[in-house]
Structure formats: C-alpha cells, structure tokens
Amino acid sequence: MKLFAVLLDLLFPPACAVCRGRLPDEEQFLCARCREKILPAEKCCIRCGYPLSGGFSCPRCRGYDYAFSGACAVFLYQGEVRKAIRRFKYGGRTGLARPFGELMAAQVKCRAWSDCDAVVPVPLHPERLRERGYDQALLLAQAVAKDLQLPVCSCLLRCENTASQTTLAAKARWENVRGVFCPAPGKPVPGRVLLIDDLLTTGATAHYAAEALLAGGAEAVYLAVLCRS
Ligand SMILES: [Zn+2]
Ligand SMILES: [Zn+2]
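So, a few notes on the structure that sits alongside this text. Because the structure is predicted, anything quoted here is derived from the model rather than measured.

Here is what the cut-offs are and how they apply
Residues numbered from 1 in each chain as written. Chains lettered and ligands numbered in written order. Predicted model: local features only at pLDDT ≥ 70, side-chain atom pairs only at ≥ 80, totals over all residues. Heavy atoms only, no water. Donors = N, O, S within 2.8 Å, 3.2 Å for Na, K, Ca; no water. Tetrahedral: all angles 85-135°; square planar, octahedral: opposite > 155°, others 65-115°. Helix = DSSP H or I, 4+ residues; strand = E, 2+ residues; numbered from the N terminus. Buried < 20%, exposed > 50% of the residue type's maximum accessible area, 1.4 Å probe, protein only. Core = buried A, V, L, I, M, F, W, Y, C linked by side-chain atoms within 4.5 Å. Domains from an automatic or database assignment. Contact = heavy atoms within 4.5 Å.

1. Some words on the coordination of the zinc ion (ligand 2)
Right, so step 1: Those protein atoms acting as donors to the zinc ion (ligand 2) are Cys45 (SG), Cys48 (SG), Cys58 (SG) and Cys61 (SG), and they sit at 2.2 to 2.4 Å.
Right, so step 2: Angles of 103 to 118° at the metal separate the four donor atoms of the zinc ion (ligand 2), which places the site in the tetrahedral class.
Right, so step 3: All donor residues of the zinc ion (ligand 2) come from one chain, and their arrangement in sequence is C-x2-C-x9-C-x2-C. You can see Cys48 sitting in the loop between helix H2 (32–35) and strand E1 (70–76) and its partner Cys58 sitting in the loop between H2 and E1, a full ten residues away along the chain.
Right, so step 4: For Cys48, a relative accessible area of 1% gives the class buried.
Right, so step 5: Its relative accessible area of 6% is what places Cys58 among the buried residues.

2. Side note on the nonpolar core
It is characteristic of soluble globular proteins that their nonpolar side chains tend to be buried jointly.
Right, so step 1: Judged by nonpolar contacts, the single largest core of 41 residues is most densely connected at Leu30, Phe75, Phe100, Leu194 and Ile196.
Right, so step 2: Mapped onto this core, the elements with two or more residues apiece are E1, helix H3 (79–90), helix H4 (97–109), helix H6 (136–148), strand E5 (192–200) and strand E6 (220–228).
Right, so step 3: Here this core takes six residues from H4, the largest share from any one element.
Right, so step 4: Among the domains, domain 1 (1–36) and domain 2 (39–228) are the pair contributing at least three residues each to this core.
Right, so step 5: Residues within four places of Leu30 in sequence aside, it is in contact with Cys16, Ala17, Val18, Leu23, Arg35, Ile38, Phe75 and Leu103.

Following this line, the structure appears as structure tokens:
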C-alpha cells in the first residue's frame, strides 16, 4: 500500500489546489503564495464576507437586507483562484472539493456562529445536475460537514431551473432566483443552518435559499462560500 502511494506520488505529485504548482506536503493543499490569497476572517465583513479596506462599513452589502445572518468566504473570485474554481465547477475536478471544503470549514471556525446544527448545500436544479454530472455545492457541503463533524441535510430543492446567474446584471440576478427554492418533502429543516455555496456575488441566490429555510422552520441561517466576488 505504501509502495502504491509512493508510485502515485511520482506520477501525480501533490499539487497546489489553486495554481497547480508543486507542493512539499500534500496535507497543505496550497502553496505559500496561494495561501496568502486566503481572506483574513477578522478583516472581512461579518454580513457578506467581503474584505473591508479600513473602517467597518462594507461597500458590497450596504442596502441589502439578507435573510442569512452572517457569511464568510475563503477567497476573492479573481485570477488563479477563479480558474481553479472553474476547473472544479465545470472541468470535472471534483477532487478539489476536499481541500476547498476544509479551507471553508477553517473560515467558519473563525466566526461566532460556527456551532450550527447541520450543513445545507444551495441546491442545483436536477436538469443542471444531469448536464454537469455532479453538484459542486453538495460536494463542498460534504467536505465542510466532515471537517466540522456536522450532518449534511439536503432539505432544500431548486424547483425552477433558472438562467445562469453569471451573465446577468445585479438587478436581474435578484429577479432570476426569486422563489426558486422550496423545502424538500419529508426532510425536517435544522435549527441553525450552515448554508454552503461555491460563489457569492450579489447574495441573491443565498438570500432566497436562506429565506426558504427560515420559512421551513430554521432559526437562523449562516453562509459559507468558497469565493466572494
Ligand atoms: Zn499555489
Ligand atoms: Zn458586507
């Protein structure tokens, strides 16, 4: 078994999850340069996870009344990080869920609300799932849940297949996802929910997902994403 691991290592040397550069130690996930891209939790907005550049007023979430009570993100969605997320999301690199999920769990542990009852992924529409073959938010949720020793609860459904948010302007994004989430039949909603998604842009998707969870009986919803854009 050890020989097998050594051979595997020679064929596929441990690579940085973001830049794919060589890693000295597989357990680190990120090279030193990419590790510096992790957002410092104490310097990010507690409502939306965006890094604050001095002062306490966040330029990104001002004026929004989100249904989730707090959020955290690991990275900003740019440069090599953006490419890595796209490999994970559209390129079939599902193995990235483990390093990314553990980095998300580490950010959650820096928050006052890390004691949630269960992890809930923002659901993908079944049709989109068929096209892609896997659900990236579910994979992240499973990795986060494993690290935090919490159950995964898929108690939310996406009942309408909507256009991709990526091509839409901010206002259209809010219209696009309004009312698309509904509770999954027969799955009780946990009290304190840790909602998981890969990306937070306007917050519209997470807002309506959180709203559906609150309507389904959740006491509070907190959001952890891999990237804030
Ligand atoms: Zn790197
Ligand atoms: Zn904010």
